[in-house]
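In case you want the letters, here they are:
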Amino acid sequence: MTTDTHVADLSLRLLGRSLDELDADEQRVLRAIADRRLISRDAADLDDAEASFGARLSDKVAAVGGSWGFILLFTAVLLGWMLLNSDVLARWGMAFDPYPFIFLNLMLSTLAAVQAPIIMMSQNRAAAKDRIAAGLDYEINLRAELEIMRLHEKVDQLTEAVKMLKVQP
């Protein structure tokens, strides 16, 4: 029996549909069963292999921007900026951004305007990675279910063979 014939037979026997009626995931699972090869893959590895430089960069920016280290460092920079411009440099009349810190406000708005879309890109990548993982989980679950069905068939065949042996004198 050729591999294509074997896959078509598995399709009819286990799923009750012809091979052309199955979607790509189901066909891939049946071919893996017929070839006796593994189908499990890591979603993160698959996604990282296809990720562009910008996508990887957005993940790194989101990881840094969403950390306590960034929040604490940024708080220290803001406090330093305000202290420097309100007390230290103001004494000599050299404050480049005096209270109400308009330039600081502009810098914060610019940072937020740039950082928000980058974080959203990273969230979109995370959602895409989740979809890949869900697809891979479906393939693994389908493979497990089909393998269990095949084992049930074999056990049923063995049971029938044993019954036949007991019936014969």
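## Looking at the overall build of the protein chain
- Scanning the protein chain from terminus to terminus reveals six helices and zero strands.
- Ordered by position in the sequence, the α and β elements of the protein chain form the string α-α-α-α-α-α.
- Each principal axis of the C-alpha distribution contributes one length, and for the protein chain these read about 115 × 30 × 20 Å.
- Counting over 169 residues, the protein chain shows a buried share of 22%.
- Put simply, 61% of the contacts in the protein chain that link residues at least 6 apart link residues at least 24 apart.
- Accessible area of the protein chain: about 11,900 Å², with a carbon and sulfur share of 65%.
- Side-chain charges in the protein chain split into 18 positive and 24 negative, and the spacing between the mean points of these groups amounts to 4 Å.

## A short note on the packing of helix α5 (residues 68–88) against helix α6 (residues 102–167)
- In contact at an axis separation of 11 Å, α5 and α6 are set at 160 degrees when each is read in the N-to-C sense. Relative to α6, the element α5 lies roughly antiparallel. Two packed elements cross with a definite hand, and for α5 against α6 that hand is right-handed. Touching Phe-70, Phe-74, Leu-78, Trp-81 and Met-82 of α5 are Phe-103, Leu-104, Leu-108, Leu-111 and Gln-115, all from α6.
- Tallied by class, the residues present in the contact of α5 with α6 amount to nine nonpolar, one polar and no charged.

## Re the side chain of Ser-58
- Along the chain, Ser-58 turns up in helix α4 (residues 53–65).
- Residue classification places Ser-58 among the buried positions, given a relative accessible area of 3%.
- A distance of 2.7 Å separates a polar side-chain atom of Ser-58 from the backbone oxygen of Ala-55.
- Excluding anything up to four places from it in sequence, Ser-58 contacts Ile-118, Met-121, Ser-122 and Arg-125.

What counts, and where the lines are drawn
- Residues numbered from 1 in each chain as written.
- Predicted model: local features only at pLDDT ≥ 70, side-chain atom pairs only at ≥ 80, totals over all residues.
- Heavy atoms only, no water.
- Helix = DSSP H or I, 4+ residues; strand = E, 2+ residues; numbered from the N terminus.
- Buried < 20%, exposed > 50% of the residue type's maximum accessible area, 1.4 Å probe, protein only.
- Contact = heavy atoms within 4.5 Å.
- Areas by Shrake-Rupley, 256 points an atom, 1.4 Å probe, with all protein chains shown as cover.
- Lys, Arg positive; Asp, Glu negative; His and termini not counted.
- Charge placed at Lys NZ, Arg CZ, Asp CG, Glu CD.
- Axes fitted to C-alpha atoms, helices over the stretch in contact; angles between N-to-C directions.
- Parallel < 35°, antiparallel > 145°, perpendicular 65-115°, else oblique.
- Left-handed = near helix turned anticlockwise from the far one by under 90°.
- Nonpolar A, V, L, I, M, F, W, Y, C, P; charged D, E, K, R; others polar.
- Polar contact = N/O pair within 3.5 Å; in protein donor to acceptor, adjacent residues only side chain to side chain.

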